[in-house]
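Architecture and fold: a report
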Amino acid sequence: MSAAAISISTKPPCPISPGLEGFRRRLLRQLVRCSVTSEVVVPMGRGGGDSDGSPAGRISVDCVVVGGGINGLCTAQALATRHASAVSEILVTEARDRVGGNIITMERDGYLWEEGPNSFQPSDAVLSMAVDSGLKDDLVLGDPNAPRFVLWNGKLLPVPSKPTDIPFFELLSFGGKLRAGFGAIGIRPPPPVCVYAGDPSKLSMKAAFGRVWRLEQSGGSIIGGTLKALQERNKNPKPSRDPSLPKPKGQTVGSFMKGLSMLPNAISLRLGNKVKLSWNLTSIKKRDGLGYTLMYETQEGLVSVDTKTVVLTIPSYAASSLLHPLSNVAADSLSKFYYPPVAAVSISYPQEAFRRECLIDGELKGFGQLHPRSQGVETLGTIYSSSLFPNRAPPGRVLLLSYIGGSTNTVILSKKESDLVEDVDRDLRKMLINPAAKEPLVLGVRVWPRAIPQFLIGHLDHLEAARGALRKGGFEGLFLGGNYVTGVALGRCVEGAYETAEVVSKFLSKYAYS
């Protein structure tokens, strides 16, 4: 495919779906914007401070969450909704001029697509966050019976979706079929490696797939651990589930009517002006006793924030830079995590461009397809966006989101966007698209130079070294968050946010009575 033949819409992209505006206005009418009830000195002069360089504003809070991505916002939301008695004053600061981090939803010409994460597993933690954010009615879930495919020897093979399918899945050995069977009855196997865009030979099982690792440790093997987990589940049933939460049917994935950006935007609106955008954190200093002083460069000038606790949910390399003046050991440990490049390529084809053998009842159906690196294609995998969720593409068109790059394909950083589209289109024509089909409509190409952290061998050791150095240095109340701590899946980020909020709340409760 020639670069000149690529069809690229020239209309300017909209970084936040315009369909969110109606939701934004409705939510605003329901909210009383919360302000930080503390001393705030109005900035003086255009330079943002006095001539001696002292800060133009000063704020005092219980907790500052650094980073307005999904980890930071969900941590603040959990503090506000579940721990308000211990953490009454919260501030979320973000260096960029928008919230959401890597979550970017775009909308144009009847298409709605994601340029970062595409979906989430609807765990109770994620559903609770959605309900608390006023998004219960906007939740959309994929069909749990929709097939998932894996490329093997030039063919797309459906992955077993129920126990009766497993004996007929040709790629699994007998042991593999047993493990898949346990997954089909509720004990999930590890996610595919392309979730991490990593080198499988270097991934840490304990760090990347912690739940599966714990099964193996508890039972001597994955199967033994699964049997033990089933026995314990029968002896100790889970607490009753919150009846207000939606109840997904089967194993599926979720999003929202206007895309994933609805979640960070809704949380930000509910937090009101507790969320500060375009605030660039330049330094963290330990105060006498407990607490910290954070210095920010803002559009209004320098602002100083006194806080009892700090939660860093920014990437590890950004946290490393900030922590160097406090602890070289912690900073050096955080600098060791690797974030490979990944590109998200969103393109659309007409329905008739797809191979007949790939259609079900004349349509492309399913979650998407995974491409093992051994199969001779560059693309890591492709998601059938318009088949998965409603209102993602105009009638007669199919929207696909493909990821390309990763630890073993860093050359994508030197390629043009048109080259990446050509690579993806070439791969898709090997198994999904008719070779003679017209060129795709290109909606978006988003290159993430440092996409997601790799949970490599030694990851947990580096993380514990950083935490240990902060403890030994007396930096109580300074907590590490973010996806390099919790895991890269959106659902794990939300679960980790609830866990971090619990830790912060306990610390402040102890601090209040010390």
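Everything quoted here is computed from the prediction, not taken from an experiment. (Residues numbered from 1 in each chain as written. Predicted model: local features only at pLDDT ≥ 70, side-chain atom pairs only at ≥ 80, totals over all residues. Heavy atoms only, no water.)

The next point concerns the layout of surface pockets. Of the volumes computed, that of the second largest pocket is approximately 390 Å³. R467, F479, L480, T500 and V503 are, among the 22 residues lining the second largest pocket, the residues nearest its centre. Taken together, the elements giving at least two residues each to the lining of the second largest pocket come down to α2 (70-82), α13 (459-472), β19 (478-480), α14 (483-486) and α15 (490-512). Here the lining of the second largest pocket takes 6 residues from α15, the largest share from any one element. (1 Å grid on protein atoms, 1.4 Å probe; cavity = no way out; pocket = protein on both sides within 12 Å on 5 of 7 lines; lining within 4 Å. Points joined across faces, edges and corners; volume = space filled by probe spheres on them. Helix = DSSP H or I, 4+ residues; strand = E, 2+ residues; numbered from the N terminus.)

Another aspect to go through is the pairing of strand β8 (residues 155-158). Across 4 bridges, strand β7 (residues 148-152) lies against β8 in antiparallel orientation. The partner of L151 across the bridge, within β8, is L156. Joining the antiparallel neighbours β7 and β8 is a turn of 2 residues, in which N153 adopts a positive phi near 55°. (Pairing = 2+ DSSP bridges.)

Further remarks concern the packing of α2 against helix α8 (residues 262-271). For any two helices packed against each other, the geometry is given by the interaxial angle and the distance between the axes. One way to put it is that α2 packs onto α8 with a least axis distance of 10 Å and a crossing angle of 45°. By the angle between their directions, the pair α2 and α8 is classed as oblique. When you trace α2 past α8, the crossing you get is left-handed. Residue-level inspection shows I70, L73, C74, A76, Q77 and A80 of α2 in contact with α8, the latter providing L263, P264, I267, R270 and L271. The residue inventory of the contact of α2 with α8, partitioned by class, reads 9 nonpolar, 1 polar and 1 charged. (Axes fitted to C-alpha atoms, helices over the stretch in contact; angles between N-to-C directions. Parallel < 35°, antiparallel > 145°, perpendicular 65-115°, else oblique. Left-handed = near helix turned anticlockwise from the far one by under 90°. Contact = heavy atoms within 4.5 Å. Nonpolar A, V, L, I, M, F, W, Y, C, P; charged D, E, K, R; others polar.)

Packing of α2 against helix α3 (residues 124-132) leaves a shortest axis separation of 11 Å and a crossing angle of 70°. The orientation of α2 relative to α3 falls into the category roughly perpendicular. The segment α2 lies against α3, with C74, Q77, T81 and R82 engaging S128, M129 and D132. Looking at the contact of α2 with α3 residue by residue, the classes come out as 2 nonpolar, 3 polar and 2 charged.

This paragraph deals with the confidence of the model for the chain. Put simply, the chain has an average pLDDT of 82, and 74% of its residues get 70 or more. Across residues 162-169, where pLDDT falls below 50, the model places 15 contacts with residues more than four positions away in sequence or in other chains. Counting interchain partners and residues more than four positions distant, the pLDDT-below-50 stretch residues 203-210 has 22 contacts. (pLDDT = per-residue confidence, 0-100.)

This part takes up the nonpolar core. Within the largest apolar cluster, 41 residues are counted, with the highest numbers of intra-cluster contacts made by F256, V494 and V504. Taken together, the elements giving at least two residues each to this core come down to β2 (57-66), α2, β3 (90-94), α3, α8 and α15. Here this core takes 9 residues from α15, the largest share from any one element. Setting aside residues up to four positions removed in sequence, V494 forms contacts with C74, A125, V126 and M129. Counting 33 residues, the second-largest nonpolar core is a separate cluster that includes V64, V66, I284 and A466. (Core = buried A, V, L, I, M, F, W, Y, C linked by side-chain atoms within 4.5 Å. Buried < 20%, exposed > 50% of the residue type's maximum accessible area, 1.4 Å probe, protein only.)

This paragraph deals with the pairing of β3. Most of β3 is tucked away, with 5 of its 5 residues classed as buried. Going residue by residue along β3, you find I90, V92 and E94 tucked away on one face and L91 and T93 tucked away on the opposite face as well. By the bridge criterion, 4 bridges tie β2 to β3 in an arrangement that is parallel. Across the sheet, V65 pairs through a bridge with V92, a residue of β3. Running through α2, the crossover from β2 to the neighbouring parallel element β3 is right-handed. (Right-handed = clockwise from strand over helix to strand, strands pointing away.)

In terms of burial, α8 is a largely internal element, 9 of the 10 residues being buried. Along α8, the residues classified as buried are M262, L263, P264, N265, A266, I267, S268, L269 and L271. Following α8 by one or two positions, G272 has its phi on the positive side, about 65°.

Along the chain, G473 falls in the loop between α13 and β19. Measuring from C-alpha to C-alpha, the distance between G473 and L326 comes to 8.1 Å, with 147 residues separating the pair along the chain.

A few words now on empty space enclosed by the protein. Evaluated as defined, the whole model comprises 1 cavity of 30 Å³ or more. Among the elements that make up the lining of the largest cavity, the one with the highest residue count is strand β5 (residues 111-114) (3 residues). Considering only residue class, the lining of the largest cavity consists of 3 nonpolar, 2 polar and 2 charged.

This part covers the pattern of salt bridges. Inspection of the entire model under this criterion finds 19 salt bridges. For the salt bridge of K308 with D62, the shortest nitrogen-to-oxygen distance reads 3.1 Å. Highlighted residues: K308 in strand β13 (residues 301-312) and D62 in strand β2, separated in sequence by 246 residues. Judged by its relative accessible area of 32%, K308 falls in the partly exposed class. Salt bridges here are not isolated pairs; linked through shared partners, they connect E378, K415, D423, R426, D427 and K430. (Salt bridge = Lys/Arg side-chain N within 4 Å of Asp/Glu carboxyl O.)

So, about the environment of S278. Secondary-structure assignment places S278 in the loop between β10 (275-277) and β11 (280-286). Judged by its relative accessible area of 18%, S278 falls in the buried class. Taking the C-alpha atoms as reference points, S278 and A95, separated by 183 residues in sequence, lie 4.5 Å from one another. In this view, S278 contacts E94, A95, R96, D97, E297, T298 and Q299; residues no more than four positions away in its chain are not counted.

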